[in-house]
Amino acid sequence: MPQTLRFGLLALVAYFVCMAIAHFFGLKVPILFVYYDTPYYAYQDRIISFAVLSYVGLFYAASGDIKLVPIALAVLGATALGLASVNMSEALASVLSEGQSTWPYWAQTAVIAGLWFILTVLYLARPKA
C-alpha cells in the first residue's frame, strides 16, 4: 500500500478518535461536531461517540489491508452524501434560527467529501501489484 494512502487512512483514524471524544464529552467544536450550534441531547452524543468508533476500527483496518480500502471509501462517501441530505432537510431547517446559515455544515460536508476524493484518487492511482 502506498504510504500516502496509508497516512491518509491513519489521519482519518485520528480525526474520528477526536470526533468520538468530542461527542462523548459534549465538546461542540466545529469540524469535530458538524452540527455544533444546533440543539442536542447529551445521550445522543454519547451514542454518536460509540458509533464513530466503528469508523476508527474500519479506517485502522483499511490502513493495514488494501482490500478493505474500497469499503472504507464507500462508507466515507455515504457519510458525505448523508450529511448533504441532512443539510437540505426540513428537519435541520426546523431547528435553525431564522436566517441562520447552513454554510458551516456545508463546509464540513465538503471537507469530508474532499477527503473521500483524495483517498479515492490515491487508491485508484496506486501501483497494482
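See above for the structure.
First, a word on scope: everything that follows refers to the structure included in this document. Note that this is a predicted model, so its numbers are computed, not measured. (Residues numbered from 1 in each chain as written. Predicted model: local features only at pLDDT ≥ 70, side-chain atom pairs only at ≥ 80, totals over all residues. Heavy atoms only, no water.)

**Re helix α1 (residues 3-25)**
Given 3.6 residues per turn, any residue in an α-helix points the same way as the ones three and four places further on.
Thought 1: Taking 1.5 Å per residue as the helical rise, α1 with its 23 residues ought to reach 33 Å, and the 33 Å between its terminal C-alpha atoms agrees with that figure.
Thought 2: Buried residues of α1: L5, G8, L9, L12, V13, Y15, F16, M19, A20, A22 and H23, and no others.
Thought 3: Where α1 ends, the next residue or the one after it, G26, has phi of about 70°, a positive value. (Helix = DSSP H or I, 4+ residues; strand = E, 2+ residues; numbered from the N terminus. Expected span 1.5 Å × (residues − 1). Buried < 20%, exposed > 50% of the residue type's maximum accessible area, 1.4 Å probe, protein only.)

**Considering the packing of helix α2 (residues 42-64) against helix α3 (residues 69-87)**
The relative placement of two packed helices is expressed as an angle between their axes plus a distance between the axes.
Thought 1: In contact at an axis separation of 8 Å, α2 and α3 are set at 145° when each is read in the N-to-C sense. In the crossing of α2 with α3, the sense of the turn from one axis to the other is left-handed. In this structure, α2 contributes Y55, L58, F59 and A62 to the contact, and α3 contributes V69, I71, A72, V75, L76 and T79.
Thought 2: For the contact of α2 with α3, the class distribution of residues is 9 nonpolar, 1 polar and no charged. (Axes fitted to C-alpha atoms, helices over the stretch in contact; angles between N-to-C directions. Left-handed = near helix turned anticlockwise from the far one by under 90°. Contact = heavy atoms within 4.5 Å. Nonpolar A, V, L, I, M, F, W, Y, C, P; charged D, E, K, R; others polar.)

**Quick notes on unusual backbone geometry**
Thought 1: With a phi angle near 85°, I31 is a residue other than glycine that sits in the positive phi range.
Thought 2: Note that I31 resides in the loop between α1 and α2.
Thought 3: Under the relative-accessibility criterion, I31 is labelled partly exposed at 40%.

**Quick word on the nonpolar core**
Thought 1: Ranked by internal contacts, the top residues of the largest apolar core, which has 29 residues, are L9, L12, Y15, F16, F59, L76 and L119.
Thought 2: Breaking this core down by element, the ones donating at least two residues are α1, α2, α3 and α5 (103-124).
Thought 3: If you tally residues by element for this core, the top one is α1, at 9 residues.
Thought 4: Those residues in contact with Y15 that lie beyond four places of it in its chain are I31, L32 and I112. (Core = buried A, V, L, I, M, F, W, Y, C linked by side-chain atoms within 4.5 Å.)

**With respect to the environment of D37**
Thought 1: Locating D37 in the fold gives a position in the loop between α1 and α2.
Thought 2: Judged by its relative accessible area of 34%, D37 is partly exposed.
Thought 3: Separated by 59 residues in the primary sequence, D37 and L96 place their C-alpha atoms 8.8 Å from one another.
Thought 4: Ignoring anything within four residues of it in the chain, the contact list for D37 reads K28, Q100 and Y105.
Thought 5: Of the polar contacts made by the side chain of D37, one reaches the side chain of Q100; its length is 3.0 Å.
Thought 6: A distance of 2.4 Å separates the side chain of D37 from the side chain of Y105, its partner in a polar contact. (Polar contact = N/O pair within 3.5 Å; in protein donor to acceptor, adjacent residues only side chain to side chain.)

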